[in-house]
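Listed below, chain by chain, are the residues.
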Amino acid sequence: MLNRIIIMGRLVRDPELRTTQSGVSVTSFTLAVDRDFKNRDSGEKSTDFIDVVAWRQTAEFICKYFGKGRMAVAEGRLQIRDWKDRDGNNRRSAEVVADNVYFADSKRDSAGGSDSYGAPRAYGAPAAPAYGGGQSYGGGYGAPAGDSSGFAEIDDQDGDLPF
């Protein structure tokens, strides 16, 4: 079975770092996520407000580098919780338990290896391997120095290709 969800939206408020009694860091925040289609009557896009929870280092990362209005991508699993309100009524809530959180601001806002606040681009994202000419992910795989197209020339004389 598969339970994977990826959402992108803007933080509704600044996240606050909390700690459990056992010392584990946790934060919860809400992402305002626009729907892909417009409402027939108003001609405007509707927005869903999706609750997200992050634990441990991911929670610390979010609280350190994200704030209200910041665009973020949260990747994780959907969790449904049953609970009772103050009046004893049964309630049900859906939330995303985030494994990874990424910056989703424009490239202009986060040029270089870090964003405008000096943070890495994402928490939980594996480092991209370096190929040809020491280039890493930002310059494209196998791209010669100075070539930012992400493509590299392949020698047509290579007889070792299996196809």
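Residues numbered from 1 in each chain as written. Predicted model: local features only at pLDDT ≥ 70, side-chain atom pairs only at ≥ 80, totals over all residues. Heavy atoms only, no water.

**Q** Go over the overall build of the protein chain with me, naming the residues and quoting the values.
**A** Along the backbone of the protein chain there are 1 helix and 7 strands. When its helices and strands are written in sequence order, the protein chain yields β-β-β-β-α-β-β-β. A burial count over the protein chain gives 28% of its 163 residues as buried. Within the protein chain, counting contacts between residues at least 6 apart in sequence, those at least 24 apart form 51% of the total. For the protein chain, the exposed surface amounts to about 11700 Å²; the carbon and sulfur share of it is 48%. (Helix = DSSP H or I, 4+ residues; strand = E, 2+ residues; numbered from the N terminus. Buried < 20%, exposed > 50% of the residue type's maximum accessible area, 1.4 Å probe, protein only. Contact = heavy atoms within 4.5 Å. Areas by Shrake-Rupley, 256 points an atom, 1.4 Å probe, with all protein chains shown as cover.)

**Q** Account for the nonpolar core, naming residues and giving values.
**A** Most often, soluble globular proteins have nonpolar side chains that are buried together. Of all hydrophobic cores here, the largest spans 18 residues; its most connected members are Ile-7, Leu-31, Val-52, Ile-62 and Phe-66. Only β1 (5-11), β3 (25-38), β4 (45-55), α1 (56-65), β5 (71-84) and β6 (90-103) provide two or more residues apiece to this core. The contact partners of Ile-7, leaving out residues within four places of it in the chain, are Leu-31, Val-33, Ile-50, Val-52, Ala-72, Val-73, Ala-74 and Val-96. (Core = buried A, V, L, I, M, F, W, Y, C linked by side-chain atoms within 4.5 Å.)

**Q** Which residues make up the packing of aromatic side chains, and what values go with them?
**A** If you walk through the whole model with that rule in mind, you get 4 aromatic pairs. Seen in terms of ring centroids, Phe-61 and Tyr-65 are 5.3 Å apart; in terms of plane orientation they differ by 55°. Their pairing is tilted. Highlighted residues: Phe-61 and Tyr-65, both in helix α1, separated by 4 residues, approximately one helical turn. Taken as a pair, Phe-61 and Tyr-65 share a single burial class, namely buried. Ring pairs connect the aromatic residues Phe-61, Tyr-65, Phe-66 and Phe-103, which therefore count as one cluster. Arg-70 extends its terminal NZ or CZ atom over the ring of Phe-66, reaching a point 6.0 Å from the ring centre. (Phe/Tyr/Trp six-rings, centres within 6.5 Å; stacked < 30°, edge-to-face > 60°. Lys NZ or Arg CZ within 6 Å of the ring centre and 35° of its normal.)

**Q** If you had to explain the side chain of Glu-95 to someone new, which residues and values would you point to?
**A** Inspection of the secondary structure assignment puts Glu-95 in strand β6. Separated by 3.0 Å, the side chains of Glu-95 and Arg-81 make a polar contact. Excluding residues within four positions of it along the chain, Glu-95 makes contact with Asp-51, Val-53, Arg-77, Leu-78, Gln-79 and Arg-81. (Polar contact = N/O pair within 3.5 Å; in protein donor to acceptor, adjacent residues only side chain to side chain.)

**Q** Run through unusual backbone geometry, naming residues and quoting values.
**A** Positive phi, close to 55°, is recorded for Arg-56, a residue that is not glycine. Mapped onto the elements of the fold, Arg-56 is located in helix α1.

**Q** Please give an account of the environment of Lys-64 that cites residues and values.
**A** Summarising the element assignment, Lys-64 is placed in helix α1. Side chain to side chain, Lys-64 and Tyr-65 meet in a polar contact 3.5 Å long.

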